[in-house]
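# Coordinate inspection notes
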Amino acid sequence: MGKHRILILGGTTEARQLAAALAQRGNYDSLLSLAGRTAEPMAQPVPTRSGGFGGSDGLAEFLKIENFDLLIDATHPFAARISHNAAIAADQTGIPLFALRRSAWQREPTDSWTSVHSVADAVAALGTTPSRVFLAIGRQEAFHFESAPQHSYLIRSVDPVTPRLDIPYAHYLLATGPFEEAAERGLLIENRIEVIVAKNSGGGATYGKIAAARALGLAVIMVERQQPADVRTVETVKDALGLVDHLFSPEMKRGV
Ligand SMILES: NC(=O)c1ccc[n+]([C@@H]2O[C@H](COP(=O)([O-])OP(=O)(O)OC[C@H]3O[C@@H](n4cnc5c(N)ncnc54)[C@H](OP(=O)(O)O)[C@@H]3O)[C@@H](O)[C@H]2O)c1
């Protein structure tokens, strides 16, 4: 019997871990898809492809031509467009889909969070009084902060923000997580940060700044996730692996 073909939409640590775990199983033939945005992507444990599919139709076409049996959306919780496209393509083709999406961080009693629904709303939430801001939202949406040039920004991203923001006070920092709490605390103190703008990504790799903000009593403007499409979702690699095994189990094939 041939191996089951699985397309994993990735760009996250969890996608990489799931691909590695599936490769170890031996009975799955996985392809990991990356958007192709990162200049030097991490090494991956299975074959990869890179770049967009050309919308949901392109993805549906790719799934059919390449004979995939399962689509797993293991993209970042803020990668809304590809997740939306995945749901449509799965509907169109009848190929099963589930999402692997880590749970969101929860506010603790001593946290000082202002929750907003978009990066644009985060800009407004900073207010008019000049502040020292740590921007930890990635490079793609940093441009929104050009409309609030009164603040002074420390902007951290994996790849450079290009073009540079048209604002007078910006310091750029290139770094790839995971980021430990102690180092994050040091960074916040050293740069005399007053407020952090973060996406509620969930997971441990970037939680250090949230824990550090709590310890230092700093405000966090938290960009919350949009409501995802109505797609079956698991939160851990272990559960994703279990679901894959279940979906390809002999019982499922017999429709039991
Ligand atoms: N957004 C974040 O904060 C964030 C953080 C960390 C990692 N990432 C990762 O970075 C990638 C891009 O994120 P984004 O927010 O720009 O996504 P997005 O806005 O949801 O997607 C924009 C377009 O990029 C292409 N694309 C995205 N992910 C892809 C994938 N895994 N494989 C092939 N094509 C993909 C698709 O193009 P077509 O329509 O042409 O198919 C999609 O329509 C994702 O893989 C995501 O997991 C995102």
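Residues numbered from 1 in each chain as written. Predicted model: local features only at pLDDT ≥ 70, side-chain atom pairs only at ≥ 80, totals over all residues.

## A short note on the sheet that holds strand E3 (residues 48-50)
- Ordered by their spatial adjacency, 6 strands build an open sheet running E3-E2-E1-E4-E5-E12, and the pairing between neighbours is parallel. The open sheet has two edge strands with one neighbour each: E3 and strand E12 (233-234).
- Note: strand E4 (residues 70-73) against strand E5 (residues 97-100), 3 bridges, orientation parallel. Across the sheet, Leu71 pairs through a bridge with Leu97, a residue of E5. (Pairing = 2+ DSSP bridges. Helix = DSSP H or I, 4+ residues; strand = E, 2+ residues; numbered from the N terminus.)

## Some points on the domain arrangement of the protein
- As assigned here, the protein comprises domain 1 (4-103 + 228-253) and domain 2 (112-223).
- Placing the centre of domain 1 and that of domain 2 at their C-alpha centroids yields a distance of 30 Å.
- Counting from both sides, the interface comprises 8 residues of domain 1 and, opposite them, 7 residues of domain 2.
- Residues of the side of domain 1 that touches domain 2, tallied by class, amount to 3 nonpolar, 4 polar and 1 charged. (Domains from an automatic or database assignment. Contact = placed C-beta atoms within 7 Å. Nonpolar A, V, L, I, M, F, W, Y, C, P; charged D, E, K, R; others polar.)

## A look at the site of the ligand
- Close to the ligand lie 25 residues, the nearest being Gly11, Gly52, His76, Ala79 and Arg81.
- Mapped by element, the contributors of at least two residues to the shell around the ligand are strand E2 (28-34), helix H2 (55-65) and helix H3 (80-93).
- For the shell around the ligand, the element with the highest residue contribution is H3, accounting for 4 residues.
- Taken together, the residues of the shell around the ligand sort by class into 9 nonpolar, 13 polar and 3 charged.
- Both of domain 1 (4-103 + 228-253) and domain 2 (112-223) provide at least three residues apiece to the shell around the ligand. (Near = placed C-beta within 6 Å.)

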